[in-house]
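Single-letter residue listing:
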Amino acid sequence: MDGFSFDSGTGATSLWDELTHPNRRQWLKASAGLMAASALPSAFANIATDFPSKPVRIVVPFAPGGATDVLARTAGNSLAAYLKQPVIVENRPGGGGLIGGDVIAKAAPDGYNIYLGTTSTVQSMQFLFKKMPFDPQKDFAPISRICWAPIVLVVTPDLPVHNVAELLEFIRTNKGKLSYGSYGLGSHGHLAFVTLDKLAGGQMSHVAYRGEAPLIQELLGGSLKMGMCSSLSLKQHVDAGKLRAIAFTGTQRVPTMPTVPTFAEAGYDQEALRISGWLGAVARGGTPPDITDKLGAAFRKTLQQPDINERILAAGFITINDDTPQRFSKDWFEEMAIWKRLLHDADVQPN
């Protein structure tokens, strides 16, 4: 077991057969394997005791300047102080997170390479691709979530809706006539709208864009009437009256838009509306727990600093400053099952 998943049992059965029905070659092979395994804890203990003894790298799967990159660099300076080693941020954009993730999947399990990604780039993407160069369940070891990243549903000002109930009624009375936009097939916005459409029986059409920017331009131009994005991207347009915010996903209000309720507050507590994305840090799968615990503690101390928290809130996120690798790992499995179910219900087929 590597902290994420159990072996299917094939390897264990094979070794058990060799140990219980040995010939000389099999006995020597099994003995060598057991001796090597018994040496691992000692080697890992030395690594954990000395960690960190050199610079730590944070890989960001997006281009410089984005929210994840900014948060990585902001947190990196503080992490360096707690770890007493330089923290280097390296951007590896492309492939929807596959390029950056593959860097970590091929790194040594020693804690010196950290992947800072989103829910989609480290968790749900495995359900969107038939083939991936790595397996998030086996190749990633949770360290800490940094912040919740809820998204907000907005409509154009000409729509006669001001809350979720009015929106659902509008969808219901315009059955088959409406479209909604998201920042990609299988994105959280897409899945949340599928739930809303089912509640209203509206038979809406989904328009998938390549990111938030083109989606927002279509909303501002009026050719699209409703969509979901991050508050970081939408707040200025909502404040200017160019778009109207209806509700946020997640369970907490977003401090930068405090008057906008969550779907749950509005009385709609379905999985796709209650769940929230996050930004989180993971190491290479198989990294010793003592090391991920040290990294988790450094992240907690960093995220508890008032100035770091203010920057996260200003970006439209909600700080998570009490996470642990163990809690992250537990929630990882629970959330993974939810995302898989939501994608299946939305009939999103891996490509």
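For the structure, see preceding data.
Being a predicted model, the structure only gives us computed values, none of them experimental.

1. Considering the sheet that holds strand E3 (residues 113-118)
In space, the 6 strands of this open sheet follow the order E2-E1-E3-E10-E4-E11, with mixed pairing throughout. Looking at which strands have only one partner, the edges of the open sheet turn out to be strand E2 (87-91) and strand E11 (318-319). In this fold helix H4 (residues 98-105) packs onto strand E1 (56-60), E3, strand E4 (140-149) and strand E10 (277-284), with an angle of close to 150° to the strand it touches most, E3.

2. Things to note about unusual backbone geometry
Here the amide bond leading from Phe-51 into Pro-52 is cis, since omega sits at -10°, within 30 degrees of zero. With respect to the helices and strands, the residue Pro-52 is situated in the loop between helix H2 (24-50) and E1. With phi around 60°, Lys-84 is a residue other than glycine that occupies positive phi space. The residue Lys-84 is located in the loop between helix H3 (67-83) and E2 in this model.

3. Overview of the pattern of salt bridges
Tallied over the entire structure, the rule returns 16 salt bridges. Asp-323 serves as the salt-bridge partner of Arg-145, at 2.8 Å between the closest nitrogen and oxygen. Taken together, the residues span a long stretch of sequence, with Arg-145 in strand E4 and Asp-323 in the loop between E11 and helix H14 (325-345) at a distance of 178 residues. A relative accessible area of 2% means that Arg-145 is categorised as buried.

4. Re the side chain of His-188
Position of His-188 relative to the elements: it lies in helix H8 (residues 188-200). Beyond its immediate chain neighbours, meaning those up to four positions away, His-188 contacts Ile-151, Tyr-183, Thr-249, Ala-272, Ile-275, Ser-276, Gly-277 and Trp-339.

5. Some words on the packing of aromatic side chains
Scanning the entire structure with this criterion turns up 7 aromatic pairs. Plain terms: the ring middles of Tyr-180 and Phe-193 are 4.5 Å apart, the flat faces sit at 20° to each other, and that makes the pair stacked. Of this pair, Tyr-180 sits in strand E6 (residues 179-182) while Phe-193 sits in helix H8, and the two are 13 residues apart along the sequence. Judged by relative accessible area, which is 4%, Tyr-180 ranks as buried. Consider the rings of Trp-278 and Trp-332, whose centres lie 6.3 Å apart with planes at 35°: the pair is tilted. Taken together, the residues Trp-278 in strand E10 and Trp-332 in helix H14 connect sequence positions 54 residues apart. Given the relative accessible area of 1%, Trp-278 is considered buried. Clustering of aromatic rings is evident, with ring pairs tying together Tyr-115, Phe-134 and Phe-140. Of note, Lys-54 hangs over the ring of Tyr-112, and the distance from its end group to the ring centre comes to 4.7 Å.

6. Considerations on the pairing of E6
In this structure, E6 lies alongside strand E7 (residues 205-208), joined through 4 bridges in parallel fashion. Among the inter-strand pairings, Ser-179 is bridged to a residue of E7, identified as Ser-205. Taken together, E6, H8 and E7 form a β-α-β motif whose crossover is right-handed.

7. Here we look at the packing of helix H7 (residues 164-173) against H8
One way to put it is that H7 packs onto H8 with a least axis distance of 8 Å and a crossing angle of 65°. Accordingly, the angle class assigned to the pair H7 and H8 is roughly perpendicular. Read as a crossing pair, H7 and H8 show a hand that is right-handed. Each of Leu-168, Ile-171 and Arg-172 in H7 lies in contact with H8, whose residues at this interface are Leu-196, Asp-197, Leu-199 and Ala-200.

8. Comments concerning the packing of helix H9 (residues 212-221) against helix H10 (residues 231-239)
Two elements in contact, H9 and H10, have axes separated by 11 Å at closest approach and are oriented at 20°. For the element pair H9 / H10, the angle class is roughly parallel. Crossing angle aside, the handedness with which H9 passes H10 is right-handed. Contacts between H9 and H10 pair Glu-212, Ile-216 and Leu-220 from the former with Ser-233, Leu-234 and His-237 from the latter. By residue class, the composition of the contact of H9 with H10 is 3 nonpolar, 2 polar and 1 charged.

9. Concerning H7
When we look at burial in H7, the residues that qualify are Val-164, Leu-167, Leu-168, Phe-170 and Ile-171. Projection of H7 onto a plane perpendicular to its axis shows the buried side chains occupying an angular sector of 160°, all on one side. Among the structural elements, strand E5 (151-155), H8, strand E8 (226-230) and strand E9 (244-248) are those in contact with the buried residues of H7.

Cut-offs applied
- Residues numbered from 1 in each chain as written.
- Predicted model: local features only at pLDDT ≥ 70, side-chain atom pairs only at ≥ 80, totals over all residues.
- Heavy atoms only, no water.
- Pairing = 2+ DSSP bridges.
- Helix = DSSP H or I, 4+ residues; strand = E, 2+ residues; numbered from the N terminus.
- Contact = heavy atoms within 4.5 Å.
- Axes fitted to C-alpha atoms, helices over the stretch in contact; angles between N-to-C directions.
- Salt bridge = Lys/Arg side-chain N within 4 Å of Asp/Glu carboxyl O.
- Buried < 20%, exposed > 50% of the residue type's maximum accessible area, 1.4 Å probe, protein only.
- Phe/Tyr/Trp six-rings, centres within 6.5 Å; stacked < 30°, edge-to-face > 60°.
- Lys NZ or Arg CZ within 6 Å of the ring centre and 35° of its normal.
- Right-handed = clockwise from strand over helix to strand, strands pointing away.
- Parallel < 35°, antiparallel > 145°, perpendicular 65-115°, else oblique.
- Left-handed = near helix turned anticlockwise from the far one by under 90°.
- Nonpolar A, V, L, I, M, F, W, Y, C, P; charged D, E, K, R; others polar.
- Arc of directions from axis to C-beta.

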